[in-house]
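Letter by letter, the chains look like this.
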Amino acid sequence: MGEFDPYRLIDEVETLLVSHGLAPSRIPGRGGDRLAGASRLLRGFGLEPRMAPEDAFGFGVPFQGRINQD
């Protein structure tokens, strides 16, 4: 299983949307949703999201049972 930076995926998806003529905006307070969505997509492709050590604590990130094993 490989690793990929979910923040890089978020940036690349934003660039892709702009190239298709859309105008995505990063809504304040929704960063956790973006991170959770990117991480989930990576897992769906069999990749493990690479996290910064401080992100492993999950402050400000929506609870995900799969991450926390609950």
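So, here's what we can say about the structure. All residue numbers here refer to positions counted from 1 along the written sequence of the relevant chain. Residue-level local features of this predicted model are given only where pLDDT is at least 70; pairs of side-chain atoms are given and counted only at 80 or more, and the full residue set underlies all totals for whole chains, interfaces and linings. To obtain the side-chain values, all non-hydrogen atoms of the structure were used and water was disregarded.

## Description of the overall build of the chain
Here comes step 1: A tally of regular secondary structure across the chain gives 3 helices and 2 strands.
Here comes step 2: When the helices and strands of the chain are listed from N to C terminus, the series reads β-α-α-β-α.
Here comes step 3: Three labels apply to residues, based on accessible area from a 1.4 Å probe with only protein chains included: buried if under 20% of the type maximum, exposed if over 50%, partly exposed otherwise in between. Split into buried and exposed, the 70 residues of the chain put 19% on the buried side.
Here comes step 4: Any two residues having at least one pair of non-hydrogen atoms within 4.5 Å are treated as being in contact. A separation threshold of at least 6 residues defines the contact pool for the chain, and within that pool the share at least 24 residues apart is 69%. Numbering of helices and strands runs from the N terminus, with a helix taken as a DSSP run of H or I at least four residues long and a strand as a DSSP run of E at least two residues long.

## Some details on the pattern of salt bridges
Here comes step 1: Should a side-chain nitrogen of Lys or Arg be within 4 Å of a carboxyl oxygen of Asp or Glu, the pair is scored as a salt bridge. Per the counting criterion, the structure on display carries 5 salt bridges.
Here comes step 2: Across the pair E3 and R50 runs a salt bridge whose closest N-O atoms are separated by 3.4 Å. Placement of the pair is E3 in strand β1 (residues 3–4) and R50 in the loop between β2 (48–49) and α3 (65–68), with a sequence separation of 47 residues.
Here comes step 3: Classification of R50 as partly exposed rests on a relative accessible area of 43%.
Here comes step 4: Between E12 and R8 there is a salt bridge, and its shortest N-O distance comes to 2.9 Å. You can see E12 and its partner R8 sitting in helix α1 (residues 6–19), 4 residues apart, about one turn around the helix.

## Structural notes on the packing of α1 against helix α2 (residues 31–44)
Packed helices, taken two at a time, are described by their axes: the angle between them and the distance between them.
Here comes step 1: Working convention: axes come from line fits to C-alpha atoms, limited for helices to the stretch in contact. Angles between N-to-C directions cover 0 to 180 degrees. Two elements in contact, α1 and α2, have axes separated by 9 Å at closest approach and are oriented at 100 degrees. As judged from the angle between their axes, α1 and α2 are roughly perpendicular. Across from P6, Y7, L9 and I10 in α1, the residues of α2 making contact are R34, L35, A38, S39, L41 and L42.
Here comes step 2: Each residue gets one label: Ala, Val, Leu, Ile, Met, Phe, Trp, Tyr, Cys and Pro are nonpolar, Asp, Glu, Lys and Arg are charged, and the others, such as Gly, are polar. Classifying every residue of the contact of α1 with α2 by side-chain character gives 8 nonpolar, 1 polar and 1 charged. Orientation is classified from the angle alone, with under 35 degrees giving roughly parallel, over 145 giving roughly antiparallel, 65 to 115 giving roughly perpendicular, and any other angle giving oblique.

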